[in-house]
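Structure assessment
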Amino acid sequence: MSMTDLLSAEDIKKALGAFAAAESFDHRKFFQMVGLKKKSADDVKKVFEILDKDKSGFIEEEELGAILKGFSADARDLSATETKTLLAAGDKDGDGKIGVDGLDQSPLPSEGSAAFTRVTREGP
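- The name given to the protein in an unreviewed UniProt entry is Parvalbumin, with Pipistrellus kuhlii as the source organism.
- The protein has a UniProt comment under Sequence similarities (unreviewed entry) that states "Belongs to the parvalbumin family."
- The record held by UniProt for the protein lists under Function (unreviewed entry) the comment "In muscle, parvalbumin is thought to be involved in relaxation after contraction. It binds two calcium ions."

1. Details of the UniProt feature "domain: EF-hand" (unreviewed entry) in the protein
- Under the present numbering, the feature "domain: EF-hand" (unreviewed entry) in UniProt falls on residues 39-74.
- Span residues 39-74 is 44% helix and 8% strand, its end C-alpha atoms 24 Å apart.

2. Considerations on the UniProt feature "binding site: Ca(2+) 1" (unreviewed entry) in the protein
- With numbering matched to this structure, UniProt assigns "binding site: Ca(2+) 1" (unreviewed entry) to Asp52, Asp54, Ser56, Phe58 and Glu63.
- One can find Ser56 in the loop between α3 (41-51) and β1 (58-60).
- Checked against the element boundaries, Glu63 lands in helix α4 (residues 61-65).
- For Glu63, the contacting residues outside a window of four places in its chain are Leu51, Asp52, Lys53, Asp54 and Phe58.
- In this structure the side chain of Glu63 is engaged in a polar contact, spanning 2.8 Å, whose partner is the backbone nitrogen of Lys53.

3. Section: the pattern of salt bridges
- All chains considered together, the criterion is met by four salt bridges.
- Measuring nitrogen to oxygen at the nearest pair gives 3.2 Å for the salt bridge that ties Lys46 to Asp42. Placement of the pair is Lys46 and Asp42 together in helix α3, with a separation of four residues, close to one helical turn.
- Residue classification places Asp42 among the partly exposed positions, given a relative accessible area of 45%.

Reading the values: rules and limits
- Sequence order sets the numbering: in each chain, residues are counted from 1 along the sequence as written.
- Side-chain atom pairs in this predicted model are given and counted only at pLDDT of 80 or more, local residue features only at pLDDT of at least 70, and totals for whole chains, interfaces and linings cover all residues.
- The basis for every side-chain value is the complete set of heavy atoms in the structure, and neither hydrogens nor water enter the calculation.
- UniProt positions are given in the numbering used here, feature names are shortened, and annotations may be inferred rather than shown by experiment.
- The numbering of helices and of strands both runs from the N terminus, where a helix is a DSSP run of H or I of at least 4 residues and a strand a run of E of at least 2.
- Contacts between residues were defined by any pair of non-hydrogen atoms, one from each residue, lying within 4.5 Å.
- Here a polar contact is taken to be a pair of N or O atoms separated by no more than 3.5 Å, where protein atoms must pair a possible hydrogen donor with a possible acceptor and residues adjacent in sequence count only if both atoms sit in side chains.
- Here, a salt bridge means any Lys or Arg side-chain nitrogen found within 4 Å of an Asp or Glu carboxyl oxygen.
- Exposure classes here rest on a 1.4 Å probe applied to the protein chains alone. A residue is buried below 20% of its type maximum, exposed above 50%, and partly exposed in between.

Printed below as a string of structure tokens:
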């Protein structure tokens with residue numbers, strides 16, 4: 001499954017363009033722009049699984065640095081500062097990674113969203 005099976009290619013392109021400049025990435029705005037906030041808990045989980053490149057059940061710092069490439073192969077890498085900001089937003093237990101079972105604490109797409117609440121109540 002590819003990201004464009006879940007999200008609009010046009011929305012992805014617009015969002016990547018909006019954050020093409022280094023140090024411009026805002027995870028909340030980006031995930032809103034690609035349409036992730038409107039997706040079901042199941043679709044959000046599928047997006048998470050696509051971004052979890054090593055299939056560990058976690059998105060680690062290295063994967064976060066390349067998160068935009070999960071939306072388009074030709075996208076830029078996040079800077080170290082952007083990566084650390086994104087990790088801090090989603091890693092509430094301080095273990096250096098974002099787990100699929102902690103989606104309600106993840107920055108995908110926003111803390112407290114209905115999609116994340118459903119995933120955590122229903123389980124992974």
